[in-house]
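# Topology and contacts: notes
The residues making up each chain are set out below.
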Amino acid sequence: MTDKERFVPTSDFVEELSKRPGGEGISKCVQCGICTASCMVANETDKYRPRKLIQKIILGKREEVLSSELPWLCMTCRMCEERCQEGVSIAEIFRAVRELAAEEGHIPDVFSDTVNLIAEDGWMLADSYTDFQEDDRLDLELDPNLGWNCEFSKKIKKRYIDGE
Ligand code: SF4
Ligand code: SF4
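Let me begin by describing the structure that accompanies this report. Just so we're clear, the structure is a prediction, and the values are computed from it rather than from any experiment. (Residues numbered from 1 in each chain as written. Chains lettered and ligands numbered in written order. Predicted model: local features only at pLDDT ≥ 70, side-chain atom pairs only at ≥ 80, totals over all residues. Heavy atoms only, no water.)

### Remarks on the overall build of the protein chain
Test applied: Numbered from the N terminus, helices here are DSSP runs of H or I no shorter than four residues, and strands are runs of E no shorter than two. Note on classification: 1.4 Å probe, protein chains only; a residue is buried when its accessible area is under 20% of the maximum for its type, exposed when over 50%, partly exposed between these limits. What makes two residues a contact is simply this: any of their non-hydrogen atoms within 4.5 Å. Here the open area of atoms and residues is found with the Shrake-Rupley method and a 1.4 Å probe, where only the protein chains shown may cover a residue.
In terms of helices and strands, the protein chain carries 11 helices and zero strands. In the protein chain, the succession of α and β elements from N to C terminus is α-α-α-α-α-α-α-α-α-α-α. Put simply, the protein chain has 164 residues, and 35% of those count as buried. Residue pairs at least 24 apart in sequence account for 66% of intrachain contacts in the protein chain once pairs closer than 6 positions are excluded. Accessible surface for the protein chain amounts to roughly 10500 Å². Of this, 51% is attributable to carbon and sulfur atoms.

Here's what the structure looks like:
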């Protein structure tokens, strides 16, 4: 494969993403790398490189990007957006990527497990809640049933995890 061929997009993923809320600005990226140099997550782990992820989208690597956990690592701090000279919002682009990935069933286990836990128990850490409920609430003569309203979590679970 020649250098020129390596940079020919293999799908229209970038056009598809550009039409979704949040994905509009992606074609302004000039691949300067300031985002990666500014990113606290990239500073912590070599595997997360926002510039490179944007490049994969531009090159049309749809399945690779949607099935990757990397877009889920963005903390939406927007430091990259603050510094990007082209006005690209990576936080919004990756949010659009995550939304599309979720629609197609690509949610990293750690996130789907967390939503399941919240929908079932109302807590991210069910064991902590149980300990607290048993050890403290009764001692304090409080109702052991906290009466958590899980409706919102259940709706999220139904839409993004169960796909209903
Ligand atoms: S800083 Fe902006 S233009 Fe530069 S690579 Fe990142 S998103 Fe693209
Ligand atoms: S918004 Fe995401 S990609 Fe941008 S600097 Fe923050 S964590 Fe990194």
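There's plenty left to go through after this.
### Points about the environment of E15
As for its placement among the helices and strands, E15 is situated in helix α2 (residues 13–18). Look at E15 and you get partly exposed, because its relative accessible area is 43%.

### Some thoughts on the environment of V88
With respect to the helices and strands, V88 occurs in the loop between α7 (79–83) and α8 (90–103). Ignoring any residue separated from it by four or fewer positions in sequence, one finds V88 in contact with G25, K28, C29, E81 and I93.

### Digging into the site of ligand 1
As a reminder of what qualifies: We define proximity as follows: a residue is near a molecule or strand when any one of its heavy atoms falls within 4 Å of that partner. For this scheme, ten residues count as nonpolar: Ala, Val, Leu, Ile, Met, Phe, Trp, Tyr, Cys and Pro. Four count as charged, namely Asp, Glu, Lys and Arg, and the remainder, Gly too, count as polar.
Inspection of the region around ligand 1 gives C29, V30, Q31, C32, G33, I34, C35, R51, C84, E86, V88 and I90 as its neighbouring residues. Considering only residue class, the shell around ligand 1 consists of eight nonpolar, two polar and two charged.

### Some thoughts on the pattern of salt bridges
To keep it simple, the criterion reads: Throughout this description, the term salt bridge denotes a Lys or Arg side-chain nitrogen within 4 Å of a carboxyl oxygen of Asp or Glu.
Across all of its chains, the model carries 11 salt bridges by this definition. Two residues, E103 and R20, come together in a salt bridge whose shortest N-O distance is 2.8 Å. On the criterion of sequence distance, the pair formed by E103 in helix α8 and R20 in the loop between α2 and α3 (34–38) is long-range, its members being 83 residues apart. Overall, the relative accessible area of 47% leaves E103 in the partly exposed class. Of the residues examined, R20 reaches a relative accessible area of 16% and is grouped as buried. In this structure, R62 and E63 form a salt bridge, with 3.3 Å as the shortest nitrogen-oxygen distance. Given the relative accessible area of 18%, R62 is considered buried. What emerges from the salt-bridge pattern is a single network uniting E16, R62, E63 and E104.

### Here we look at the site of ligand 2
As a structural note, the neighbourhood of ligand 2 is formed by C39, V41, Y48, C74, M75, T76, C77, R78, C80 and I90. Tallied by class, the residues present in the shell around ligand 2 amount to eight nonpolar, one polar and one charged.

### As for helix α5 (residues 50–58)
Counted only if it meets this: Arc definition: it is the arc formed by the directions from the helix axis to the C-beta atoms.
Of all the positions in α5, only P50, L53, I54 and I57 are classed as buried. One face of α5 carries all of its buried residues, which in axial projection span an arc of 100 degrees. Buried residues along α5 sit against α2, α3, α4 (40–44), α6 (62–66) and α8. Once α5 ends, the next one or two residues include G60, with phi positive near 85 degrees.

### Regarding the nonpolar core
Worth spelling out the cut-off: Joining through side-chain atoms within 4.5 Å is the link that ties buried Ala, Val, Leu, Ile, Met, Phe, Trp, Tyr and Cys residues into a set, and such a set is a nonpolar core.
Counting 31 residues, the largest nonpolar core has L17, Y48, I57, I93 and F94 as the members making the most contacts within it. Going through the elements one at a time, α2, α4, α5, α6 and α8 are the ones with two or more residues in this core. When residues in this core are grouped by element, the largest group, nine residues, is from α8.

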